[in-house]
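# Observations on chain architecture
Residues per chain, in single letters:
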Amino acid sequence: MEIMYVYTRKRSEFGRPCSFSDRPAKVSVDIPPDPGMASGFVLRNPVDSAVQHTSDMSEHEVNTERVEVESRGVNHVEGGWPKDINPQEVEQTIRFRKKVEKDENYVNTIMHLGALMEHCVKQNNAINIYEEYFEDEEMAELEDEPPSAKTINVIRSGVRYQEPELVLKPSSPLVCLEYNPKDSHVLVGGCYNGQLAYWDTRKGGLPVELSTVEVSHRDPVYGAVWLQSKTGTECFSASTDGQVLWWDIRKLSEPTETLVLDITRKGLRENALGAVTLEFEPTMPTKFMVGTEQGIVIACNRKAKTPSEKITSTYSGHHGPVYALSRNPFYPKVFLTVGDWTARIWSEETKESSIMWTKYHLSYLTDGCWSTVRPAVFFTTRSDGTLDVWDFLFKQKDPSLSLKVCDEPLASLRLQDNGCVVGCGSKLGTITLLEISSGLCTLQRNEKTLATAMFERETKREKILEARHREMRLKERARSEGQGTEVEERPMESPQEVLDRARRDFFEVIEAELQRRAQAETHHPRGKVPGTGGAGSDSLPWRRGRGSASASQLKNHAGEEAAAKGEESQLPRDEEEEEEDAKVSALQLRVAFPPPPCWGCCSSCGEGPGRARGVSACVGGSRGSLTPLLPSLQEP
Amino acid sequence: MMEETLKRIQAHKGVIGTVVINAEGIPIRTTLDNSTSVQYAGLLHQLTMKARSTVRDIDPQNDLTFLRIRSKKHEIMVAPVLKAANPF
């Protein structure tokens, strides 16, 4: 049966308010139990019934009353006065005070506290413990980190993802290349066949113009440098054929000016020295320097009237070609040359020798340049693939940092203007970019003054030595003239004999020096003798004066006995000279091969350290006379 | 005698003013003007009490002997009366 309650409402009556009313309860339906359904059920015995016996609890929430808090300042008003005294009344307060002061306890306390207070006040006056003691001192920045450099990028040929931005295609291999400082799209390059070419990077990889072959150099152009001019189109080039040519790139058909590097100043091409590097400083537009194959650096003046005056001075000191030449950006009078196994620092005023030099390395030095930020730091590359960073103020015997960049020889080196990034190129075409640590490319506090002092000191030392050397030479000349005509012609000695003689002389002098040193040690304190930073002082300690003195003798006599005697005679004088030298700040001991033009056989070689001409008996053609060791470019 | 002591302290180099305060915080003798003295009296009194109670809390046998407040401009030096007896 269904129990239903139906409630209906008309739609129109929707929404009407309901009015409910009570009515009595009414039974809707009454269903009696049906015993017939009992069979569907089962009696359950026992029945589980849960009972819990706990106290009744109910949940109740409480919210505490909120208390309002406010911050307020208190103005201290006079208080503490006893009840009977009115603080406003001056008389009463004074009276009260006087009464207190009379109290004995008060007096005792005051005495005691007074003593205590006085002690502290005196303490304060004695010393101000909070005084700023170290106000004005700047913390010296200690470079704790050792110098280091890290490779940023290595560009190898043949690696696909490293494509150069532009490839310049000259007609003949390029030997040197320079960007125009005024226009960064223009480059000038010297070719292997002696021509000069210039490129505009906006116009592609082929040269815009080439110089005519007939008027160009006859040998590879080893140096090409832009000049400072209003038009920004002038440059000059130098080559091993002994010429320096000036060009205007707008008209490369002929050079605007030529100069033959003949240091005998006769302008003869035959005597000319081959140029290997060029150096030009925009701040000194009329002067420039050329580094030659023969190891001589020639300083020239462009504005001189006659060609013979163009060559102002020569600096000889290297045994082999000068591969790099650069002026110190901070001290234009000081320049760096790199060649043979050393790097040398020169001062323009001292023409006879360099003022400072590095030790003799085991491999050739191929390139070098000054740092643009620190006056006493320079970089050199070696043919064993090492890049050296030298800090001459800090250490002169060794480079501050020596990095093996690659296994093949490093050929060139360029430093970015900020002084931190250096790029070096190897013989196999790998370019490595290195970033050097900040210690080597940030200017230290006193560095400029210290560097100035160092250069001046070394220049002065060299001048003193030069002066003494000249004196000795004059003395020798006077003595030799007094002795009349010495035997001018000697029997022609075979090269082997000459070589043996050279060897003998050499070792004799070494023994002599060692003995002298041993003696000197026993007589003088050690402090005077050693050279503070010299080159190669370990194995070949020759005094420069002696070397040259013997040279001057050889020039006159070309006799070994005289040479040996000369050495001996110099020895006893050395003691006094040593005292003299002690005045000079640093005793530099270095190798000085006596520079004979040749060992007394070929008279045509004469004065000029020119090339070895076709006389086979000529052993020494240039400064370093022990031929087997030289990187010889002079073989006829 | 007591006057001399106070005068001597005031005469030292660097001393700007002296205030003697009693137990109730009333400035008894002062070289500064009244309002300043009252201000110092009220403030320092309470601070000294606090300092003393701090010291005593840490070690009951201990007592505050001197209080120095060093500020940018001056230093305030307070010598409180010792209440506790020195342990022998």
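In the nomenclature of an unreviewed UniProt entry, chain B corresponds to Dynein light chain roadblock from the organism Strix occidentalis caurina. The Sequence similarities (unreviewed entry) comment attached to chain B in UniProt states, word for word, "Belongs to the GAMAD family." Its UniProt record gives chain B the following Subcellular location (unreviewed entry) comment, quoted word for word: "Cytoplasm, Cytoskeleton".

Under the annotation held in an unreviewed UniProt entry, chain A carries the name Dynein intermediate chain 2, axonemal and is attributed to Strix occidentalis caurina. Its UniProt record gives chain A the following Subcellular location (unreviewed entry) comment, quoted word for word: "Cytoplasm, Cytoskeleton, Cilium axoneme".

### A look at the overall build of chain B
From N to C terminus, chain B includes two helices and four strands. Sequence-ordered secondary structure for chain B, helices as α and strands as β, is α-β-β-α-β-β. Counting across all 88 residues of chain B, residues that qualify as buried make up 33%. Accessible surface for chain B amounts to roughly 5800 Å². Of this, 57% is attributable to carbon and sulfur atoms.

### Topic: the environment of glutamine 39 of chain B
With respect to the secondary-structure elements, glutamine 39 of chain B resides in helix α2 (residues 34-58). For glutamine 39 of chain B and proline 27 of chain B, which are twelve residues apart along the polypeptide, the C-alpha to C-alpha distance reads 9.6 Å.

### What about the pairing of strand β4 (residues 196-200) of chain A?
All names here are of chain A. With five of five residues buried, β4 lies mostly within the body of the structure. Across five bridges, the pairing between strand β3 (residues 186-191) and β4 is antiparallel. Bridge pairing in β4 links valine 188 to tyrosine 198. Where β3 hands over to β4, the hairpin turn is made up of four residues, of which glycine 194 adopts a positive phi near 100 degrees. Relative to strand β5 (residues 209-210), β4 is paired through two bridges, and the arrangement is antiparallel. By the bridge assignment for β5, alanine 197 is matched with leucine 210.

Definitions and limits used
Residues numbered from 1 in each chain as written. Chains lettered and ligands numbered in written order. Predicted model: local features only at pLDDT ≥ 70, side-chain atom pairs only at ≥ 80, totals over all residues. Heavy atoms only, no water. UniProt positions renumbered as here; feature names shortened; annotations may be inferred. Helix = DSSP H or I, 4+ residues; strand = E, 2+ residues; numbered from the N terminus. Buried < 20%, exposed > 50% of the residue type's maximum accessible area, 1.4 Å probe, protein only. Areas by Shrake-Rupley, 256 points an atom, 1.4 Å probe, with all protein chains shown as cover. Pairing = 2+ DSSP bridges.

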